[in-house]
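# A look at the structure
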Amino acid sequence: MPEGDCTTYRAKYGTAVSESEAEALVTGICFKTGPPRVTGVELEWLIHEPHRLHLPIAPARLETAYAALRALPLHSLITVEPGGQLELSSLPAASLMDCVSDVSADLALVRDRLATLDLTLTGLGADPWRPPSRILRRPRYDAMESYLDRAGPAGRRMMCSTASVQICLDAGHEEPGPLGYGRRWRLAHLLGPVLVAAFANSPVQDGRATGWRSTRQAVWASIDPGTSGAPSLDREPRAAWTRRVLDAPVMFIRSGQDGDGEDTAPWAVPEGLTFRGWARSGAPRPPTREDLEHHLTTLFPPVRPRGHLELRMVDAQPGAHGWIVPLAVTSALFDDPQAAETAYRALKPLAERAFPPGAPAAPRSPLWLDAARCGLADPELREAAVACFAAAADALPRVGASAEVRQAVAAYTERYVLRGRCPADDLLDGHRDGHHYDHEHEKGILR
């Protein structure tokens, strides 16, 4: 490229990155190790009118609500998902209780402000009534929708109709052991289906029971595996994730931008192009570091390494404080060495179903699908959940959990885990009785 063309290219797209440079960048950022001491959570919520979950909300009304929420003095970052779901992302917190305290305060402000607009947050993993409808019209989401449509309708449901509790934990120590990053990486993939089963909360779609306790997880298992599949667990974690990133399909290629950073054309949606292939060919233009960063945000495995570990498999939970239980249980199992070792031993018998030779990777492996379909009615998942919740309860005082948090975990264990149930079973009981949903269903209110 002539020097003038290079200058113009850098101004529009940034500096090109080679295949080896991309590998080095991913390897360097995917697992940032050190003493595990930071916790975070990302909470996605559906937005409804109270007691009228079947009614769509006009996009203009949602925009007004989000503008009001962005004016609040929050610790957390507020973003909006393509279908209008609200996401509240905490800052990294030094402890479980710091995270719980900050996010609880933010949620109280958000709920109070929404109440003045006759709107409410609804903790369900998938919208039970409304069809997927995208309200964000941006080149990124236009391209993402076009790409995901190639694999069927699940992509649109994933974008517009699902919500989750995403738990963020430090990668761990560089050294081996219960808190080493390699053990934590494997523990996350073994614990994942137990979390799916224990917190499944999305059994209804389009007003009908789907046959899945977690319809949200079934949706994620149905989108393009190139974007949602886990990497191999037979390789060293950094090497496995780096290979997964470079061999994953490119979802979109950004078009040119004007001087204000505005897109001047729709983003291209290539077919059959991996990031490795793009870096090698340099066509239709060489990829840049910014393109690699965009590419990383289009990969949605159940456990995503982003320097820290992001566990993405838990359905959104009901009520103002339902999200605290999966956060507390998971944090205790990862950050207390004794609990981590106990959980790992309890989960090892699940490995054959979680990673059978020749089977698809999570979230499509037999155990992950059984967890989404059956919840804790699966005997092996129930046994593992009982052991893990007991280990977490034992560890919570050691990680500084308050009496209220410990009681919430104990109550959840008694109500669901020991009985082989999950929140989806409450919803199904009400659905069979012909009731509609109330957003307080964790209190047993089904109308």
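This text follows the structure it describes.
What counts, and at which threshold
Residues numbered from 1 in each chain as written. Predicted model: local features only at pLDDT ≥ 70, side-chain atom pairs only at ≥ 80, totals over all residues. Heavy atoms only, no water. Helix = DSSP H or I, 4+ residues; strand = E, 2+ residues; numbered from the N terminus. Rg over C-alpha atoms; globule rule 2.2 N^0.38 Å. Buried < 20%, exposed > 50% of the residue type's maximum accessible area, 1.4 Å probe, protein only. Contact = heavy atoms within 4.5 Å. Areas by Shrake-Rupley, 256 points an atom, 1.4 Å probe, with all protein chains shown as cover. 1 Å grid on protein atoms, 1.4 Å probe; cavity = no way out; pocket = protein on both sides within 12 Å on 5 of 7 lines; lining within 4 Å. Points joined across faces, edges and corners; volume = space filled by probe spheres on them. Nonpolar A, V, L, I, M, F, W, Y, C, P; charged D, E, K, R; others polar. Pairing = 2+ DSSP bridges. Salt bridge = Lys/Arg side-chain N within 4 Å of Asp/Glu carboxyl O.

On to the overall build of the chain. Across its full length, the chain holds 19 helices and 9 strands. Scaling as 2.2 N^0.38, a compact globule of 447 residues should have a C-alpha radius of gyration of about 22 Å, and the chain matches this with 22 Å. C-alpha extents for the chain along the principal axes are approximately 70 × 50 × 40 Å. Every one of the 447 residues in the chain was classed for burial, and the buried ones make up 56%. The contacts of the chain with a sequence gap of at least 6 include a subset with a gap of at least 24, amounting to 76%. Carbon together with sulfur atoms contributes 53% to the accessible area of the chain, which is approximately 17,900 Å² in total.

The rolling of a water-molecule-sized probe over the atoms marks out the regions of remaining empty space. Volume-wise, the largest pocket comes out at about 1,300 Å³. What lines the largest pocket is a set of 50 residues, among which Glu-42, Glu-87, Thr-297, Arg-304 and Arg-306 lie closest to the centre. When residues in the lining of the largest pocket are grouped by element, the largest group, 5 residues, is from strand β1 (residues 39-48). Taken together, the residues of the lining of the largest pocket sort by class into 23 nonpolar, 13 polar and 14 charged.

Relative to the helices and strands, Glu-145 is located in helix α5 (residues 139-149). When sequence neighbours within four positions are dropped, the list of residues in contact with Glu-145 reads Arg-134, Arg-156 and Met-159.

Looking now at the pairing of strand β5 (residues 164-169). The buried count for β5 comes to 6 of 6 residues, which makes it a mostly enclosed element. The alternating pattern of β5 places Ser-164, Gln-166 and Cys-168 and Val-165, Ile-167 and Leu-169 on opposite faces, both of which are buried. When β1 meets β5, the two strands line up antiparallel, connected through 5 bridges. The residue bridging Gly-40 from the neighbouring strand is Cys-168, located in β5. Bridge analysis of β5 against strand β9 (residues 309-315) gives 5 bridges, and the strand direction is antiparallel. Bridging across to β9, Cys-168 finds its partner in Glu-310.

What the rule picks out here adds up to 34 salt bridges. Residues Arg-213 and Asp-425 are paired through a salt bridge, measuring 2.9 Å at the closest nitrogen-oxygen approach. Taken together, the residues Arg-213 in the loop between β7 (208-209) and α8 (215-222) and Asp-425 in helix α19 (residues 423-432) connect sequence positions 212 residues apart. Asp-426 is the partner of Arg-421 in a salt bridge, and the nearest nitrogen-oxygen pair spans 2.9 Å. Asp-426 carries the same exposure label as Arg-421, and that label is buried.

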